[in-house]
2 protein chains.
Amino acid sequence: MTASRTARERVRAELIREITDIARRQLATEGAGGLSLRAVAREMGMVSSAIYRYFPSRDDLLTTLIIDGYNAVGEAVERAEAACPRDDFTGRWLTACHAVRDWAVAHPHEYALLYGSPVPGYHAPQDTIAARIRDVTVLGRIVSDAWNAGALRASAVEPPAELEAEAAGLREHMPGVPDVIVWQALTAWTSLYGWLSFEVFGQFNGTLEDRHTAFDHSMRLMAATMGLAQ
Amino acid sequence: MTASRTARERVRAELIREITDIARRQLATEGAGGLSLRAVAREMGMVSSAIYRYFPSRDDLLTTLIIDGYNAVGEAVERAEAACPRDDFTGRWLTACHAVRDWAVAHPHEYALLYGSPVPGYHAPQDTIAARIRDVTVLGRIVSDAWNAGALRASAVEPPAELEAEAAGLREHMPGVPDVIVWQALTAWTSLYGWLSFEVFGQFNGTLEDRHTAFDHSMRLMAATMGLAQ
DNA sequence: AAGAAACGAGAGCACCGCTCTTGACGAATG
DNA sequence: CATTCGTCAAGAGCGGTGCTCTCGTTTCTT
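Residues numbered from 1 in each chain as written. Chains lettered and ligands numbered in written order. Predicted model: local features only at pLDDT ≥ 70, side-chain atom pairs only at ≥ 80, totals over all residues. Heavy atoms only, no water.

Trainee: Mind showing me how you'd approach the overall build of chain A here?
Mentor: Along chain A, the regular secondary structure elements total 10 helices and zero strands. In chain A, the succession of helices and strands from N to C terminus is α-α-α-α-α-α-α-α-α-α. With the principal axes as the frame, chain A shows a C-alpha extent of 65 × 55 × 35 Å. Long-range pairs, those at least 24 residues apart, make up 69% of the contacts in chain A with a sequence separation of at least 6. Carbon together with sulfur atoms contributes 52% to the accessible area of chain A, which is approximately 10,600 Å² in total. One way to put it: in chain A the 22 positive side-chain charges average out to a point 9 Å from where the 29 negative ones average out. (Helix = DSSP H or I, 4+ residues; strand = E, 2+ residues; numbered from the N terminus. Contact = heavy atoms within 4.5 Å. Areas by Shrake-Rupley, 256 points an atom, 1.4 Å probe, with all protein chains shown as cover. Lys, Arg positive; Asp, Glu negative; His and termini not counted. Charge placed at Lys NZ, Arg CZ, Asp CG, Glu CD.)

Trainee: How do you make sense of the domain arrangement of chain A when you look at a structure like this?
Mentor: Reports of interface size often rely on the accessible area that becomes lost once the parts have come together. Residue and element names in this part refer to chain A. According to the domain assignment, chain A consists of domain 1 (1–56) and domain 2 (59–226). Counting residues at the interface gives 14 residues for domain 1, matched by 10 residues for domain 2. Here domain 1 and domain 2 share an interface that buries about 1,000 Å² over both sides, 78% of which is from carbon and sulfur atoms. Contact with domain 2 buries surface across domain 1, with Arg24, Leu27 and Phe55 losing the most and accounting together for 44% of the total. Summed over the shared surface of domain 1 and domain 2, the result is one salt bridge. (Domains from an automatic or database assignment. Buried area = accessible area lost by both parts, 1.4 Å probe. Salt bridge = Lys/Arg side-chain N within 4 Å of Asp/Glu carboxyl O.)

Trainee: What is the right way to look at the UniProt feature "DNA-binding region" (unreviewed entry) in chain A in this model?
Mentor: Here the UniProt feature "DNA-binding region" (unreviewed entry) sits at residues 36–55 of chain A. Across residues 36–55 of chain A one finds 60% helix and 0% strand; the C-alpha atoms that close the span lie 13 Å apart. (UniProt positions renumbered as here; feature names shortened; annotations may be inferred.)

Trainee: Please clarify how the interface of chain A and chain B should be interpreted in this entry.
Mentor: Contact residues are listed per partner, giving 50 residues for chain A and 51 residues for chain B. Between chain A and chain B, a total of about 4,200 Å² is buried, with carbon and sulfur atoms accounting for 67% of that surface. There are zero salt bridges connecting chain A and chain B. Viewed at the interface, chain B and chain A are joined by 12 residue pairs in polar contact (both at pLDDT 80 or more). (Polar contact = N/O pair within 3.5 Å; in protein donor to acceptor, adjacent residues only side chain to side chain.)

Trainee: Even after reading the chapter, I still don't get the nonpolar core, so can you show me in this structure?
Mentor: Taken as a class, soluble globular proteins show a tendency for nonpolar side chains to be buried jointly. Within the largest apolar cluster, 146 residues are counted, with the highest numbers of intra-cluster contacts made by Trp93 of chain A together with Trp93 of chain B. Trp93 of chain B has contacts with Leu139, Ile142, Ala188, Met219, Met222, Ala223, Met226 and Leu228 of chain B, leaving out every residue within four places of it along the chain. (Core = buried A, V, L, I, M, F, W, Y, C linked by side-chain atoms within 4.5 Å. Buried < 20%, exposed > 50% of the residue type's maximum accessible area, 1.4 Å probe, protein only.)

Trainee: Sorry, what's going on with the environment of Asp59 of chain B here?
Mentor: Residue and element names in this part refer to chain B. Mapped onto the fold, Asp59 is located in helix α4 (residues 58–82). The class for Asp59 is partly exposed, based on a relative accessible area of 28%. Sequence separation of Asp59 and Val119 is 60 residues, and the distance between their C-alpha atoms is 9.5 Å.

Trainee: What exactly am I supposed to notice about the protein's contact with DNA strand D here?
Mentor: Around DNA strand D lies a shell of 23 residues, among which Leu37, Arg38, Arg42 and Arg58 of chain A together with Arg53 of chain B are the nearest. The sugar-phosphate backbone supplies 48% of the atoms of DNA strand D found within 4 Å of the protein. The contact in question runs from a base oxygen of DNA strand D to an N or O atom on the side chain of Arg8 of chain A, over 3.1 Å. A distance of 3.0 Å separates a phosphate oxygen of DNA strand D from a polar atom in the side chain of Arg12 of chain B. Broken down by secondary-structure element, the contributors of at least two residues to the surface near DNA strand D are α1 (7–30), α2 (37–44) and α3 (48–51) of chain A together with α1 (7–30) and α3 (48–51) of chain B. Among the residues forming the surface near DNA strand D, the class breakdown is nine nonpolar, six polar and eight charged. (Near = heavy atom within 4 Å. Nonpolar A, V, L, I, M, F, W, Y, C, P; charged D, E, K, R; others polar.)

Trainee: Any chance you could explain the relation of the copies chain A and chain B here in plain terms?
Mentor: Both copies of the chain are related by a screw-like operation: a rotation about an axis and a shift along it. With an RMSD of 0.1 Å, the fit of chain A onto chain B corresponds to turning through 180° and sliding 0.0 Å along the axis. On this basis, the relationship between the two copies can be described by a two-fold rotation axis. Looking at the rotation axis and the C-alpha trace of chain A, the residue lying nearest is Gly194 of chain A, at 1.6 Å. (Least-squares fit on C-alpha atoms with pLDDT ≥ 70 in both.)

Trainee: In this structure, what is going on with the side chain of Thr128 of chain B? I would like to understand it.
Mentor: Topologically, Thr128 of chain B is positioned in helix α7 (residues 126–148). With residues near it in sequence (within four places) discarded, Thr128 of chain B still touches Thr63, Ile66, Ile67, Tyr70 and Tyr122 of chain B.

Trainee: How do you make sense of the protein's contact with DNA strand C when you look at a structure like this?
Mentor: Close contacts around DNA strand C come from 19 residues, with Arg12 and Arg53 of chain A together with Arg38, Arg42 and Arg58 of chain B the closest. Between a phosphate oxygen of DNA strand C and a main-chain N or O atom of Val47 of chain A, the distance comes to 3.4 Å. Note that a phosphate oxygen of DNA strand C is positioned 2.8 Å from one of the side-chain N or O atoms of Tyr54 of chain A. Listed by contribution, the elements that provide at least two residues to the surface near DNA strand C are α1 of chain A together with α2 (37–44) and α3 of chain B. Along the lines of polarity and charge, the residues of the surface near DNA strand C split into seven nonpolar, five polar and seven charged.

Trainee: Please clarify how the packing of aromatic side chains should be interpreted in this entry.
Mentor: Any pair of aromatic rings gets described here by the distance separating the centres and the angle formed by the planes. Using the criterion set out here, one finds 20 aromatic pairs over all chains in the structure. Ring geometry for Tyr111 of chain B against Tyr115 of chain B: centres 5.1 Å apart, planes inclined by 35°, an arrangement best described as tilted. One end of the pair, Tyr111 of chain B, and the other, Tyr115 of chain B, are both in helix α6 (residues 108–115), four residues apart, so they sit about a helical turn from each other. Like Tyr115 of chain B, Tyr111 of chain B is buried. A network of ring pairs unites the aromatic residues Tyr70, Tyr111, Tyr115, Trp189, Tyr193 and Phe201 of chain A together with Trp195, Phe198, Phe204 and Phe215 of chain B as a single cluster. (Phe/Tyr/Trp six-rings, centres within 6.5 Å; stacked < 30°, edge-to-face > 60°.)

In structure tokens, the structure reads:
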């Protein structure tokens, strides 16, 4: 219809962008708890109540930042993995893991917002879960491709029968893969984010120095757990 | 010296205990961010400033809760693991994992305080790291015992040479174990807490129902990764 | 041009952590 | 026994927060 929006709509979109930019910078320096609408307003030369014209509450601003964060990490892992030779499954897995880690280490507070303790009083709306699956989609396709190419070995540890119904939802991300592999992949997935949470949240402080190398080795071990030949 | 403290000291200790109890209950219901000194004081029928006679700041109260939390989870895993036959290493590993999970699921907010995003503005003092190692000590001893009994198999994935110096600090918890096993154990450790973080922080919501069974299977897979015969 | 919608500013509410002062109380000391 | 001294609860207050409401202005729509 109207390709050029009205002037008011343009300045409104611009202001929303500026608010989120400032909020993201505050989030990066202060953390989620230090994100204050009044501080954003102060930095914009506005009065605090004016912010509520654009974001009805602090939670809505947080939701926007969360969605942006999921998209950022998803895009990072998508781009990194796309540059790999398609038949080098271990390489694709390791590249994807390192892409997630690089992003997490570079944006610790945003990582905490996405994968850390839920912000008190905040409950994630449905919008966030749609953006959240970009990285797991990439990881799932690696598993799926590897299985279809015959590059995956099933572990000797068989999943119990009770889990048969449970695997269905997870298999959406890795079509055509048997249950055994689904659980191996899920375990690798949790291990990846377990490492990142430990590293980003400081649990390795004082005990582990060369985290890049150790992470690489750990993810190679998880590739083996997943069933990828070494 | 004086076995029976003065009356003043006794009532002071009692008040400190009451404050931490109320704070822990608030933590359990509201989360770390919802923990308020004023609310604790209100519940005690005190004025807020009086609390500062016993805890110089909100952070000091948090520190007490964190140390208590580490001790609680450490004691839970110690007790559960001690009841296992000493030569059933897979059983000891699984029991310890389930003990950590049971505690985490029962105390999600305390788990978040210990292993989730760091509380904004709070920096953990040295006191907390001493209490933190109780669970990893138990897990390390399982690995150590299993290795010394010849029950651990080294993975085909060799750690790179750069990690040689790094293994020293980690080996303190599992004496006599070669580097390959140290890294396998570290990977299993991160996988355990990665799962718990996903579960407690709600990342499994909607996709995984029978988490107990799935967790059990995942930790069996990690036992294999660690080198334990299935 | 007139009405409707959106907007910025300001005051205000209830809450927070934290500080400072004041007056009451109890215990050790002279 | 009387006094000094440390501990205590209470209150007022500071600067901060998210959020609401009102008011006068600006901008878009009809």
